[in-house]
Every structure is written in C-alpha cells, then in structure tokens.
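Descriptive structure summary
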Amino acid sequence: MKLLNAEQIRQWDAFTIKNEPLSSLELMERAANACARWIVQNTLAESYYIFCGKGNNGGDGLAIARLLYNANKKVAVYILESDAKGSDDYISNFNILHHLSAIPIFMIRGERDLPELPFNCIIIDALFGTGLNRPLTGLAAKMVDHINNSIAPAIAIDIPSGLFGDHSSAHNTIVKARHTLSFQVLKTAFLVAENEPWIGHVHIMDINLHPAFPDEVSTPFSIINKSLASREYRPRNAFAHKGNFGHALLIAGSWGKAGAAVLCSRACLRTGAGLVTAHVPQSGVTVLQTAVPEAMVFPDKEAEQVSGLNYDLNHFTAVGIGPGIGTGVKQQLLLKELLEHIQRPLVLDADALNILSENKALLNLLKPDTILTPHPKEFARLFGEAADDFKRIELAQTKAMELSIFIVLKGHHSFVACPDGTGYFNITGNAGMAKGGSGDALTGMVTSLLAQGYLPKEAALLGVFLHGLAGDLAAASGGMEALLASDLIDHIGNAFKQL
Ligand SMILES: NC(=O)C1=CN([C@@H]2O[C@H](COP(=O)(O)OP(=O)(O)OC[C@H]3O[C@@H](n4cnc5c(N)ncnc54)[C@H](OP(=O)(O)O)[C@@H]3O)[C@@H](O)[C@H]2O)[C@@H](O)CC1
Ligand SMILES: Nc1ncnc2c1ncn2[C@@H]1O[C@H](COP(=O)(O)OP(=O)(O)O)[C@@H](O)[C@H]1O
Ligand SMILES: [K+]
C-alpha cells in the first residue's frame, strides 16, 4: 500500500470530490461522522472540550461537536482566534453550529480565555491537521501546552496538532494525544519512533476516498501489509521435494553465543528452507545438534569462534552471516574472504555489520542486492548518526542506492530501503520482540526465503512482515513480557497460514 504525503492526500480529497462526486462539505461530514462514531463507542466522559482551528481540521472539530451533541454528549467548543477568515468548510460548519445555538462556542483570543479542563472531560484536538506548514508559536503553542498540562486525555483528529506529517517535528510544540483518529491512510509521521510521545494509539478511519486515486500517483514509500506479503508468498507445490527449497548456510555463534546460531537455524527451517547448514565453532556443535536436530552442522576448526571458510560457498543457495560471531581478526578475515568469493544471495547481520563498520573498505565488496539488517545502533556505526528519524530513513535510502543493496533498518516499524530508491515500512511486530534473539530469528528467516529462490526484495519484505506477524501471534498467545525469540519462531507457521 502506497504511503501518501500531505499534498497527495489533499489531491486524493479533490479526486474523490470530483469523481464520486460529492461536495467537500459532505466529505468533511463523512470524516466527522467516522470520528464521532468512534468517540461515542470508545469513550465515556462527563463532557467533551473541542479545540478547533480555522482550517479544515477545525471544520472537522465543529462537525464532530454537533454529532456528539446529537448523540446526547455534553460538548463545548473553543476556537483559536486568528486573522484568518477560515476555510469554506470551517465557515459552513461554524454557521451550522452557530444557528443551532445549543452548543457553547468560545473564541480564544488570549491565554486568559483558555478554559479550566476538568479531569473527567475528554479533549478533542482539531486545531491543526495536515495543513500545518510551520511550528506552532504564540497563542496556538500556549493552547497546546494548556491541553498537555491537563490530566484529561486528548483525542487528536487526523494528526496531533503541531506534528508535521512528512518530516521531523523535533522541538515543535505538539499535542500529546492518547488516541489519534486519522483519515483513510497512515501518515509517515506515525511510523517513526521519535513521534511516539505524541501519537498515542493510532486508529485509521475509513472515509471511502476514491479507490482509483492511489494508482495514479507515485510515492517513494509504501507499507508492507498483508496483501503485499500475500502477493509475494509462493505456496508449495504438492509434488515438491526438499531440493526445491534450497540449502541455506548460516555462519553464526561463538563461545557463550551458541544460542544465536540455534535461533537463526531454527527460524530458517521454520521459514521453509529445504536444507540448513550451520557453520559454528566446535563448542557449538553439540548444542546445535541437540537443539535443532533438523539442521546440519559445519564445525569450524576452532573451538570457540568461527575462523575460516574451508568449503565451497557455491554449494549453498543462500548465506546468512553475523549473529553472535564476534568481531575478532579471524572473523574479519572470514567475512572478507566470503565477500570476495560469494556468488549467492547474502544476508549480513549483527557482528558481520559491526565488522563492516570497523572496515569500511569492505562495503565496496558488497555484491548488488546483498541484504543488511542493522538495528539503529548498527546502522549508525555503519553509516553515521542521523539528526532525526526521517534523516535516518533518507540516509538508508541514499546508501541502499549508492551501494545497490537492501538495508532493513530494524525497529518498531522496520524500514526496508531498496536499491531503486523505494522504501517500505513494516506494520507487524510489537514491543515483546524487544529482547535478545529476535534479530537472529529475522536473519534466519530472510536467508531461508533467499535460499528458496525468493528475489532479495521479496525475501526482505516478506521476511520482515512474517517476522513481525509471528511476534504478534506469539504475543497474543503468551503476552509481550514473556515473549521469547523461540516463541516467535514457533509461530512462524501460523504467520504463513495468515497469508
Ligand atoms: N482526506 C482527508 O484526509 C480529509 C481531511 N480533512 C481535514 O482537513 C485537514 C487539512 O485541512 P487544511 O488543509 O485546511 O489544514 P489545517 O491543518 O486544518 O489548517 C492549516 C491552516 O492553518 C494555517 N497554519 C499552518 N501552520 C500554522 C501554524 N504553525 N500556526 C498558525 N497557523 C498555521 C495555514 O494557513 P496559513 O497561516 O499558512 O495561511 C493553514 O491554512 C486534515 O488534517 C483533516 O482534518 C477532512 O475535513 C476531509 C477529509
Ligand atoms: N517495539 C518493537 N516493535 C516491533 N518490532 C520490534 C520491537 N522491538 C524489536 N523489534 C524487532 O525485533 C528485532 C530485534 O533485532 P535486534 O535488535 O537485532 O535484536 P537481537 O540482535 O538482540 O536479536 C528486529 O527485527 C526488530 O524490528
Ligand atoms: K489535530
């Protein structure tokens, strides 16, 4: 699903208005209806304090006030006064409300006009939406501070006021919402960790914008959702044999970190690879053969670390390297040798990435379409610190294009940067996965898909989606706190079944 920017969403409105057809006021009513319905169904409050600006976001707020009043809720409206005359639909809704004369409307001209907010009210934030074009200052910022200083929860309409939809809002004054009711599609702002303090729980309100529009625009960003993942998925043929599903090699583990090799090998098998061989230090052999008897083992000549490649890499259909290997001289040489000789699809994770960070010249050895799976710290070590989350995404895109590789920037919404300049945000996964071992599972899963013949882009997108979904299913059955990477791996099968 394409991720549209604020301007494209405006065009989508206009397209819907022209082609459905309906008036913009009717579209606003539809949006307000969806919000009011959600508010009535999901909240119980003594009263609703509705803060409005004079743009269309404020128009939504005025319409929501009327609809909540019609649903027998006690409402009061507070309008941020400004020199602007207000958008047409704001004015229309203001006039309707004014004539209704049942709902108190207060104009806020100065700080002294700000109402006291009782603890048992709900605040509706309809000050500014996607039309915000500069940080809030003056009375608007004071109003937001006032909302944030109240203990009453705030529900933001479309986007918390003060937050930019498409770029960083660092240092802005922003409404801290408990819930955000946003129209039709996710905004990029909801996908980055730096905005977590403002957005609360995001709920997408379907307002039936015209389905033909997204096909007409091109966007650099998309969302990996179930329909995209299902499109990538290739079910097994009935007459298939293990040779059809490739042979994955995983180079992982060291003394004290045999678990990393166990987790990525098991995840690799659970994701469907026909054969899996783990190259581990000798100390890891018994561990691996006991914990994952389905995997074959290639014992290194050293006891506690992997130290060299004494086999033909072409024997395998895909290779994953990094989890728990360490960053010593021998692993550095091993990685260099591997990068020089490999002719197969490759995933680099964890210590393999840390080795690259210490030896940047190795980046030039990366073959096109190699997949890197850094978490934000590994990414910073590799490519430098970024000023904010949006800049980090930009940097990932630049590096993916420059090096012709895929970069899976892991996080709550992992971002897959592709060499063609496109990028995909994942929407599965949960905080239960924030525990050592989850990343090792992802390495095994993506390597598995590559081994089975999925193209690198397909493997990265499907792997990230299934990984998060398996985590979600594991959390649904055993809770987030208790979630182990092993639980996630045990749910990979159920994740596939949902495709
Ligand atoms: N499909 C959908 O999504 C639908 C969307 N709809 C709704 O429309 C909303 C977008 O409405 P919108 O374009 O009128 O912009 P909105 O944010 O209300 O006002 C911005 C105005 O404020 C001003 N301004 C900007 N920054 C400022 C600042 N820092 N401090 C002070 N002023 C500032 C700026 O004017 P300026 O001062 O620049 O002349 C601008 O005109 C959207 O979020 C959703 O709620 C629904 O109704 C229908 C379906
Ligand atoms: N809060 C979260 N929400 C969704 N996914 C998460 C969250 N925290 C971690 N993850 C996922 O778990 C994995 C963690 O990887 P990583 O940090 O490399 O862990 P490790 O190396 O310890 O296994 C990543 O795929 C990441 O996207
Ligand atoms: K808002």
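Residues numbered from 1 in each chain as written. Chains lettered and ligands numbered in written order. Predicted model: local features only at pLDDT ≥ 70, side-chain atom pairs only at ≥ 80, totals over all residues. Heavy atoms only, no water.

Here the focus is the site of ligand 2. Lining the immediate environment of ligand 2, one finds 16 residues, of which Lys410, Gly411, His412, Gly437 and Gly439 sit closest. The backbone of Met433 places a nitrogen or oxygen atom 3.5 Å from an oxygen atom of ligand 2. In the model, an oxygen atom of ligand 2 is placed 2.6 Å from a nitrogen or oxygen of the Gly439 main chain. With 3 residues, the top contributor of residues to the shell around ligand 2 is helix 15 (residues 438–451). Here the residues of the shell around ligand 2 sort into 3 nonpolar, 11 polar and 2 charged. (Near = heavy atom within 4 Å. Polar contact = N/O pair within 3.5 Å; in protein donor to acceptor, adjacent residues only side chain to side chain. Helix = DSSP H or I, 4+ residues; strand = E, 2+ residues; numbered from the N terminus. Nonpolar A, V, L, I, M, F, W, Y, C, P; charged D, E, K, R; others polar.)

Here we come to the coordination of the potassium ion (ligand 3). The potassium ion (ligand 3) binds to the protein through Asn57 (OD1), Asp125 (O), Phe128 (O), Ile157 (O), Ile159 (O) and Ser161 (OG), with metal-donor distances spanning 2.6 to 3.1 Å. Between the 6 donor atoms coordinating the potassium ion (ligand 3), the angles at the centre fall across 65 to 176°, so the site counts as irregular. The sequence pattern formed by the donor residues of the potassium ion (ligand 3) is N-x67-D-x2-F-x28-I-x1-I-x1-S. With Asn57 in helix 3 (residues 56–70) and Phe128 in the loop between strand 4 (121–126) and helix 5 (138–149), this residue pair connects regions lying 71 residues apart in the sequence. The exposure class of Phe128 is partly exposed, given its relative accessible area of 26%. (Donors = N, O, S within 2.8 Å, 3.2 Å for Na, K, Ca; no water. Tetrahedral: all angles 85-135°; square planar, octahedral: opposite > 155°, others 65-115°. Buried < 20%, exposed > 50% of the residue type's maximum accessible area, 1.4 Å probe, protein only.)

Taken domain by domain, the protein chain holds domain 1 (6–219) and domain 2 (226–497). Taking the mean C-alpha position of each, domain 1 and domain 2 sit 42 Å from one another. Taken together, the contact pairs 12 residues of domain 1 with 7 residues of domain 2. The contact between domain 1 and domain 2 buries some 770 Å² in all, and 74% of this surface belongs to carbon and sulfur atoms. (Domains from an automatic or database assignment. Contact = heavy atoms within 4.5 Å. Buried area = accessible area lost by both parts, 1.4 Å probe.)

Turning our attention to the site of ligand 1. Taken together, 21 residues lie around ligand 1, and Asp13, Asp60, Gly129, Arg134 and Asp158 are the ones closest in. The backbone of Gly131 places a nitrogen or oxygen atom 3.0 Å from an oxygen atom of ligand 1. Asp158 has a polar side-chain atom sitting 2.6 Å from an oxygen atom of ligand 1. Within the complex, 76% of the 940 Å² of free accessible area of ligand 1 lies under protein. Looking at the shell around ligand 1, the elements with two or more residues in it are helix 1 (6–19) and helix 3. (Areas by Shrake-Rupley, 256 points an atom, 1.4 Å probe, with all protein chains shown as cover.)

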